[in-house]
Amino acid sequence: MPSKINLHLSVGDLRPDGFHDLTTVFHALSLTDEVTVAHAEEPGVEVYGEGEQVVPTGASNLAWRAVEALAAHVGKPDGPANVRVVLRKGIPVAGGMAGGSADAAGTLVALAALWKLDIGRDELAGLAAKLGSDVPFGLYGGTALGTGRGEQLVPVLSRHTFHWVLAFDQRGLATERVYAELDRLRETGNPPRVGSHAPVVEALASGDPRQLALLLGNDLQAAAVSLRPGLRRTLRAGVNAGALAGTVSGSGPTCAFLCADAESALEVAAELAGAGVCRTVRVAHGPVPGARLVGDEHRPTPPQVHA
Ligand SMILES: C[C@@](CO)(OP(=O)(O)O)[C@H](O)COP(=O)(O)OP(=O)(O)OC[C@H]1O[C@@H](n2ccc(N)nc2=O)[C@H](O)[C@@H]1O
Ligand SMILES: Nc1ncnc2c1ncn2[C@@H]1O[C@H](COP(=O)(O)OP(=O)(O)O)[C@@H](O)[C@H]1O
């Protein structure tokens, strides 16, 4: 399953249900998690890779919540009792790149195949939205305009492959805390607000990374930087290393740098890795498709999904 960044994230008012109305442009990246689901005697979740020490393996794991949600939806109350989920994570945990959401989306797709369900992506998207605001996008991938709390999606035409460098921070940031920090900053001052999403959509259609670079914007950036002041240095370092522009990804603290092409992305990544401003550097491209089965024709069981 793919990760995501937000090319544009406009945060509106806090709603009575505790969520904020958003207008966002999601963009799926080639940095992925892999999910394997199988029938097993001992049910549960195993986690390997990025952040394996901090990801819960119990009932609060988003992939496990997806198993329970799909079982309840299709009237298989004992369904979870013999399912095992293995997550191989490449997406930073609590990094603002929707790794948990990707795992949930991948689990829905893989489990639908394991259980041979006749269920379309749109029906899965209804379940996905209950698991988290970002989970429906994990199913569709590509580039999409998200509204509501981020779960209402319309595809956006994107003509080009864009090349990115990602800077992972030492520790994650809890999404809820970053939204709360934005509310606090707005009560006491006037943090910057991004404008309309329309120019971003035009830049995506043109396919010109230089045009897109001028338009990247995220209302949560001020809040993430307020909680993690070192991100200012990281953002500066990426641009100094030759990126066209940098932005905090979603609620952070991962920073995403748009580069002119694949070669430039490798150069920026190498220089940024040497600058000592972050834990790990990765290159990725987008847009890529959403959660999909891989290799199932070669590997009859268990179904495997790239998130
Ligand atoms: C900020 C964004 C931007 O795409 O992504 P991340 O940076 O987390 O990846 C999303 O809005 C995160 O979506 P997701 O991580 O699925 O959040 P959820 O589980 O639905 O909600 C977690 C918490 O975030 C806050 N929240 C989330 C979505 C939203 N539209 N308004 C909010 O205020 C709420 O406090 C909520 O309790
Ligand atoms: N499968 C999962 N992968 C990662 N985190 C998970 C998962 N399931 C539950 N979580 C919890 O969700 C939190 C946020 O997850 P994640 O999706 O990685 O970040 P973000 O919301 O910043 O995009 C983590 O700190 C972790 O406690």
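Predicted model, so just to flag it, every value in this text is computed and none were measured. Throughout, a residue's number is its position along its own chain's written sequence, starting from 1. Here the convention is simple: chains get letters from A, ligands get numbers from 1, in the order in which they are written. At least 70 in pLDDT is required for a residue's local features to be given in this predicted model, at least 80 for side-chain atom pairs to be given and counted, and no such filter applies to totals for whole chains, interfaces and linings, which use all residues. Computation of side-chain values: all heavy atoms of the structure, hydrogens and water removed.

Novice: Is there a simple way to think about the nonpolar core in this case?
Specialist: Considering soluble globular proteins, one finds that nonpolar side chains tend to be buried as a cluster. If you look at the biggest cluster of nonpolar residues, it comprises 58 residues, and the most contacted ones within it are Val 85, Trp 164 and Leu 166. Among the elements that take part in this core, helix α2 (residues 99–114) stands out by supplying nine residues, more than any other. Each of domain 1 (2–157 + 289–306) and domain 2 (162–286) contributes no fewer than three residues to this core. With sequence-adjacent residues up to four places away left out, Leu 166 is seen in contact with Ile 5, Leu 29, Leu 31, Met 97, Thr 254, Cys 255, Ala 256, Thr 280, Val 281, Arg 282 and Ala 284. Among buried residues, those of type Ala, Val, Leu, Ile, Met, Phe, Trp, Tyr and Cys that are joined through side-chain atoms within 4.5 Å constitute a nonpolar core. Throughout this description, buried means an accessible area under 20% of the type-specific maximum (1.4 Å probe, protein chains only), exposed means over 50%, and partly exposed covers the range between. Within the second largest apolar cluster, 30 residues are counted, among which are Val 165, Leu 173, Val 248 and Cys 255. Strands are runs of DSSP state E lasting at least 2 residues, helices are runs of H or I lasting at least 4, and numbering of each runs from the N terminus. Where each domain starts and ends comes from a domain assignment, either automatic or drawn from a database. Only heavy atoms matter for contacts: two residues are in contact if any of them lie within 4.5 Å across the pair.

Novice: So what exactly am I meant to see when it comes to the packing of aromatic side chains here?
Specialist: Here the distance between the centres and the angle between the planes together describe a pair of aromatic rings. A pair of Phe, Tyr and Trp rings is counted when the ring centres sit within 6.5 Å of each other, with Trp represented by its six-membered ring. The angle between the planes then sorts it: under 30 degrees is stacked, over 60 is edge-to-face, the rest tilted. All told, the structure shown has one aromatic pair when counted by the stated rule. A ring is scored as having a charge over it whenever the NZ atom of a lysine or the CZ atom of an arginine sits within 6 Å of its centre and within 35 degrees of its normal. A cation over an aromatic ring shows up here: Arg 149 above the ring of Phe 19, its NZ or CZ 5.1 Å from the ring centre.

Novice: Just to check I follow, could you spell out the site of ligand 1 for this structure?
Specialist: Looking at ligand 1, there are 20 residues lining it, with His 20, Ser 133, Thr 175, Tyr 179 and Ser 251 nearest. Interatomic distance of 3.2 Å between a side-chain N/O atom of Lys 4 and an oxygen atom of ligand 1. Contact with the protein chains covers 84% of the free accessible surface of ligand 1, which is 690 Å². Of all the secondary-structure elements, those providing two or more residues to the shell around ligand 1 are β1 (2–14), β2 (20–32) and α5 (175–188). Note on residue classes: Ala, Val, Leu, Ile, Met, Phe, Trp, Tyr, Cys and Pro are nonpolar, Asp, Glu, Lys and Arg are charged, and everything else, Gly too, is polar. Here the residues of the shell around ligand 1 are counted per class, giving seven nonpolar, nine polar and four charged. We define proximity as follows: a residue is near a molecule or strand when any one of its heavy atoms falls within 4 Å of that partner. We define a polar contact as two N or O atoms separated by no more than 3.5 Å, with the added condition that, inside protein, one atom must be a possible hydrogen donor and the other a possible acceptor, whereas residues neighbouring each other in sequence contribute only through side-chain atom pairs. Working definition of accessibility: Shrake-Rupley area with a 1.4 Å probe, residue cover restricted to the visible protein chains.

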